[in-house]
Amino acid sequence: MSQVQLSVKNAVKEYRLGGLISGTTFRAVNEVNFELYTGKPEVFSIIGESGSGKTTLSRMILRLIKNDGGTIELDGKDLNRIKGRKGEMDFMSRVQPIFQNPFETFNPLSRVDRYLLDTAQHFFPDDPDPEKRVEEALEAVGLSLEEIGKRYPHELSGGQLQRTSIARAIIPKPEILIADEPVSMIDASLRMSIVNLFSSLKERFDTSIIYITHDLATAYYVSDRIAIMHRGIFVEQGPARGILENPRHPYTKLLVRAALDPSPDAEDFDYKPSRFEGEEFTAKGCLFADRCEEAGNECFHVLPCEVELEDRIIRCLKYNIK
Ligand SMILES: Nc1ncnc2c1ncn2[C@@H]1O[C@H](COP(=O)(O)OP(=O)(O)OP(=O)(O)O)[C@@H](O)[C@H]1O
Ligand SMILES: [Mg+2]
């Protein structure tokens, strides 16, 4: 039996709305639940349109912001109870981020080998051979110190730089990597090769990867499980292939249809921006109801709760037991 490693339970993040209805709050992340398991590394992808709350959720898991409700635990310990330098270091060695823009990860004035060696020394101050750790991490992403070590960040291609930032993230041998849109700034032809790294890192280092993306195609190939996020809510989560080949939530159906239709007038799932104005944001009921082809009257009044449906968990009134 695998044990729960990361537990996200009813996680909530609230922000204040500006403008006309300033003073009211909305939930950027609204009662999100999921788990990762020790000894069962996975690529868990969180897919959703712009503004759906993906980065907010990842920042809570990285302890960069606090949750306003629910609990987030690593090995049974609430992240809000981690204290002191030792606690923080321990956490950082276990959960590492990979950011969207690799250029922001690096100090432009520092050579790549210096940066990686500093990282190794930071996490393993007593190790006499930090270079070995750096070589191993670079090798895992298809690079070497000989090839890139003496260069400065601007002397690497975008793809090489993102591989190097992934190498940096795996130096402490984290249990979990959180990659927020890691390939959206990378040339399309290189994206798949970088995303494929996640599968090999998962196997090699027993690391689970939370992969945050807009892109159904890369998520389909690399993910074990996926969660579809819409306006702060996980509307459907479960096995990647099962869900993408047989979507059940009307929003997932819309995403899959849009991804399969290459025509320029196909509904892009970012078509209606989710930077909702006013009431939409704080609307009662299902927040997808206004775009849903299957919505009934009650969908505009009742917020669905999560139900298990065969291989997945879904939040849609259609599947709620009446
Ligand atoms: N610090 C903040 N203060 C107020 N509102 C915020 C803050 N951070 C995020 N938001 C709002 O919360 C919602 C979710 O934002 P978030 O950045 O998590 O979305 P996202 O899914 O990562 O979007 P994208 O795909 O564009 O990166 C958005 O409406 C955003 O405007
Ligand atoms: Mg984001």
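Counting of residues starts from 1 at the beginning of each chain's written sequence and follows it residue by residue. Chain labels run from A onward and ligand labels from 1 onward, assigned in the order the entries are written. Totals for whole chains, interfaces and linings use every residue, but because this is a predicted model, local features are given only for residues with pLDDT of at least 70 and side-chain atom pairs only at 80 or more, for both listing and counting. Only heavy atoms go into the side-chain values, all of them from the structure, while hydrogens and water stay out.

A. Region of the structure containing the nonpolar core. Take the buried Ala, Val, Leu, Ile, Met, Phe, Trp, Tyr and Cys residues and link them wherever side-chain atoms come within 4.5 Å; each set so joined is a nonpolar core. Buried, partly exposed and exposed residues are distinguished by accessible area as a fraction of the type maximum, computed with a 1.4 Å probe on protein chains only: under 20%, between the cut-offs, and over 50%, respectively. If you look at the biggest cluster of nonpolar residues, it comprises 57 residues, and the most contacted ones within it are Val-134, Leu-138, Ile-166, Ile-170, Phe-198, Leu-201 and Tyr-211. Runs of E in the DSSP output that reach at least two residues are strands. Runs of H or I that reach at least four are helices, and both are numbered from the N terminus. Looking at which element gives the most residues to this core, the answer is helix α8 (residues 188-205), with six residues. Sequence-distant contacts of Val-134, defined by excluding residues within four places in its chain, comprise Leu-116, Leu-117, Ala-120, Leu-145 and Ile-171. With 26 residues, the next largest nonpolar core counts Val-8, Val-32, Val-95 and Phe-234 among its residues. Two residues qualify as a contact provided that any one of their heavy atoms is within 4.5 Å of a heavy atom in the partner residue.

B. Representation of the packing of aromatic side chains in the model. Only centres within 6.5 Å qualify two rings of Phe, Tyr or Trp (six-membered ring in Trp) as a pair; their planes then separate them into stacked at under 30 degrees, edge-to-face at over 60, and tilted for everything else. The tally for this structure, following the rule as stated, stands at seven aromatic pairs. Ring geometry for Phe-34 and Phe-44: centres 4.6 Å apart, planes at 10 degrees, overall stacked. In this pair, Phe-34 is assigned in strand β2 (residues 25-37) and Phe-44 in strand β3 (residues 43-48), connecting sequence segments 10 residues apart. Taken individually, Phe-34 and Phe-44 each receive the classification buried, so the pair is uniform in this respect. Summarising the aromatic geometry, the rings of Tyr-220 and Tyr-221 are spaced 5.3 Å apart at their centres and angled 90 degrees between planes, so their arrangement reads as edge-to-face. Through successive ring pairs, a cluster of aromatic residues spans Phe-34, Phe-44 and Phe-234. Taking NZ or CZ as reference, Arg-63 lies 5.5 Å from the ring centre of Phe-91, over its face. We count a charge as sitting over a ring when the NZ of a lysine or the CZ of an arginine lies within 6 Å of the ring centre and within 35 degrees of the ring normal. Here the guanidinium or amino end of Arg-133 rests over the ring plane of Phe-124, the centre of that ring lying 3.5 Å away.

C. Just the pairing of strand β6 (residues 95-98), in detail. Burial along β6 is two-sided: Val-95 and Pro-97 and Gln-96 and Ile-98, pointing in opposite directions, are all buried. Of the pairings in the sheet, the one linking β6 to strand β7 (residues 176-180) comprises four bridges and is parallel in character. Looking at the pairing, Gln-96 lines up with Leu-177 of β7. Any two strands between which DSSP finds at least two bridges are classified as paired.

In short, shape yes, function no, at least from these values alone.
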